[in-house]
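Residues per chain, in single letters:
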Amino acid sequence: MTVTVFLVLLTASATVTALATEAVKNFLDGLGVRYATNIVVLVIALAVGCGGTAVYYVNFQVPFTALNSVYLALMGIANWIGAMVGYDKVKQAIAQIGKG
């Protein structure tokens, strides 16, 4: 996997993760369920990051070796970190724009 492919996959995964997280949070809020946002983001980010990378592997016939499996897991973790940092910063920026 090249750096370009990694960055494209990470960007796409982070975007999908952010949208899915907001949808799940709105759904859970509508049901009145208490939840930890970090756990919701973690589950969605791992599913989207690992799933997206697996789809890439299958589509481009990348073998599922031990090293590629580690890369798959690391993509899920990188997606989670990117989604957590990105979501918090975007939320903070919107709040600051709204106030001033």
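Here the structure is a predicted model, which is why all the values come from computation and not from measurement.

A. Quick look at the overall build of the protein. Helix and strand counts for the protein come out as three helices and zero strands. Each principal axis of the C-alpha atoms in the protein carries an extent, and together these give about 50 × 30 × 20 Å. Expressed as a percentage of its 100 residues, the buried residues of the protein come to 22%. Sequence-distant contacts in the protein: of pairs separated by 6 or more residues, those separated by 24 or more amount to 63%. As displayed, the protein has an accessible area near 6,600 Å², and 72% of this comes from carbon and sulfur atoms.

B. Structural context of the packing of aromatic side chains. Enumeration over the complete set of coordinates arrives at three aromatic pairs. Judged by centre distance (6.2 Å) and plane angle (55°), the rings of Tyr-56 and Tyr-57 are tilted. Since its relative accessible area comes to 18%, Tyr-56 is described here as buried. Overall, Tyr-57 belongs to the buried group, its relative accessible area being 1%.

C. Broad picture of the confidence of the model for the protein. Per-residue confidence for the protein gives a mean pLDDT of 88; residues scoring 70 or more make up 93%. Model confidence for the protein, summarised as mean pLDDT per element, is weakest for helix H3 (residues 66–99) at 82 and strongest for helix H2 (residues 37–59) at 93.

D. Examining H2 more closely. Compared with the 33 Å implied by 1.5 Å per residue over 23 residues, the 32 Å span of H2 between its first and last C-alpha is a close match. Residues of H2 that are buried include every one of Val-40, Val-41, Ile-44, Ala-45, Gly-49, Thr-53, Tyr-56 and Tyr-57, and no others. Where H2 terminates, the next one or two residues include Gln-61, which has phi positive at roughly 55°.

How each quantity is defined
Residues numbered from 1 in each chain as written. Predicted model: local features only at pLDDT ≥ 70, side-chain atom pairs only at ≥ 80, totals over all residues. Heavy atoms only, no water. Helix = DSSP H or I, 4+ residues; strand = E, 2+ residues; numbered from the N terminus. Buried < 20%, exposed > 50% of the residue type's maximum accessible area, 1.4 Å probe, protein only. Contact = heavy atoms within 4.5 Å. Areas by Shrake-Rupley, 256 points an atom, 1.4 Å probe, with all protein chains shown as cover. Phe/Tyr/Trp six-rings, centres within 6.5 Å; stacked < 30°, edge-to-face > 60°. pLDDT = per-residue confidence, 0-100. Expected span 1.5 Å × (residues − 1).

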